[in-house]
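Examining the three-dimensional arrangement
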Amino acid sequence: MKPMPPAPSRTISDVAQAHAPAEMGFRPLSEPLVNVRATLALCLDRSLITSQEHDLLQATARDMFFKKRTYRSLVRTALGESLRAEAVLAQLREHAVNAKLRDAERLIAAVERTPDSRFAPAFDWTFQATDFWNAEFPGSG
């Protein structure tokens, strides 16, 4: 599995995603920017979209409010409504990359591989209570 190249300036909004309520199973209602970037890169790499389409779609996705960011709204905003736009939309959906899920699964796997052990750290210093400490925490020494 090829890791996604680092984004130049990643923020929390890059992983923001709208979801349906619990009664609807928290189904995703929008696409996080990290997924869109990875999907566009894959489609460009496989020559499914042109370099110009890639750049336009990426700029549009970056500027789109996260709750509105779906592949359909992205393509319609960037490319309009045409046969080519429908073809691009179909390619994005068919080759969608869920980078957010992949990263979460990697994190869970790393945590599961980490030994569950407790230890007492070794201190090579002795605490010296100051007058201020003693005034704030009387009887602690």
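Residues numbered from 1 in each chain as written. Predicted model: local features only at pLDDT ≥ 70, side-chain atom pairs only at ≥ 80, totals over all residues. Heavy atoms only, no water.

**Let's talk about helix 1 (residues 33–45)**
In an α-helix there are 3.6 residues to a turn, and that puts residues three or four apart on one side. Note the cut-off: The helix and strand labels rest on DSSP assignments: H or I over at least four residues marks a helix, E over at least two residues marks a strand, and numbering proceeds from the N terminus. To estimate the expected span of a helix, count its residues, drop one, and scale the result by 1.5 Å. Each residue is assigned to one of three classes by its accessible area relative to the maximum for its type, calculated with a 1.4 Å probe on protein chains only: buried under 20%, partly exposed between the two thresholds, exposed over 50%. Contacts: residue pairs with any heavy atoms within 4.5 Å of one another.
When the terminal C-alpha atoms of helix 1 are compared, their 18 Å separation across 13 residues agrees well with the 18 Å that a helix rising 1.5 Å per residue should span. Within the sequence span of helix 1, burial applies to L33, V34, N35, V36, R37, A38, T39, L40 and C43. For helix 1, the secondary structure elements touched by its buried residues are helix 2 (51–63), helix 3 (71–79), helix 4 (83–94) and helix 5 (99–113). S47 occupies a position one or two residues after helix 1 and carries a positive phi of about 60°.

**Some remarks on the layout of surface pockets**
Which parts of space are left empty comes out when a probe the size of a water molecule is rolled across the atoms. Rules: Any residue with an atom within 4 Å of a point lines the site, the site being either a cavity, points on a 1 Å grid over the protein atoms alone where a 1.4 Å probe fits but cannot get out, or a pocket, an open set with protein on both sides within 12 Å along at least 5 of 7 lines. Grid points are joined across faces, edges and corners, and a volume is the space filled by probe spheres set on the points.
Taken as a whole, the second largest pocket spans an internal volume of roughly 170 Å³. Every residue along the wall of the second largest pocket is listed here: R27, P28, L29, S30, E31, T70, Y71, R72 and R93.

**Remarks on the side chain of N35**
Mapped onto the secondary structure, N35 falls in helix 1. Note on N35: relative accessible area 2%, which makes it buried.

**Side note on the packing of aromatic side chains**
Rule in force here: Under the pairing criterion, centres of Phe, Tyr and Trp rings, with the six-membered ring standing for Trp, must be within 6.5 Å; the plane angle then separates stacked pairs below 30 degrees from edge-to-face pairs above 60, leaving the rest tilted.
Enumeration over the complete set of coordinates arrives at four aromatic pairs. With a centroid separation of 5.5 Å and an interplanar angle of 80°, the aromatic rings of F123 and W125 are classed as edge-to-face. Ring geometry for F127 and W133: centres 5.0 Å apart, planes at 70°, overall edge-to-face. For F127, a relative accessible area of 48% translates into the label partly exposed. Ring-pair connections join several aromatic residues into one group, and the members of that group are F127, W133 and F137.

**Thoughts on the side chain of R69**
For R69, the position within the fold is in the loop between helix 2 and helix 3. Dropping the residues within four chain positions of it, R69 is found in contact with A16, S30, E31, P32, L33, V36, A61 and M64.

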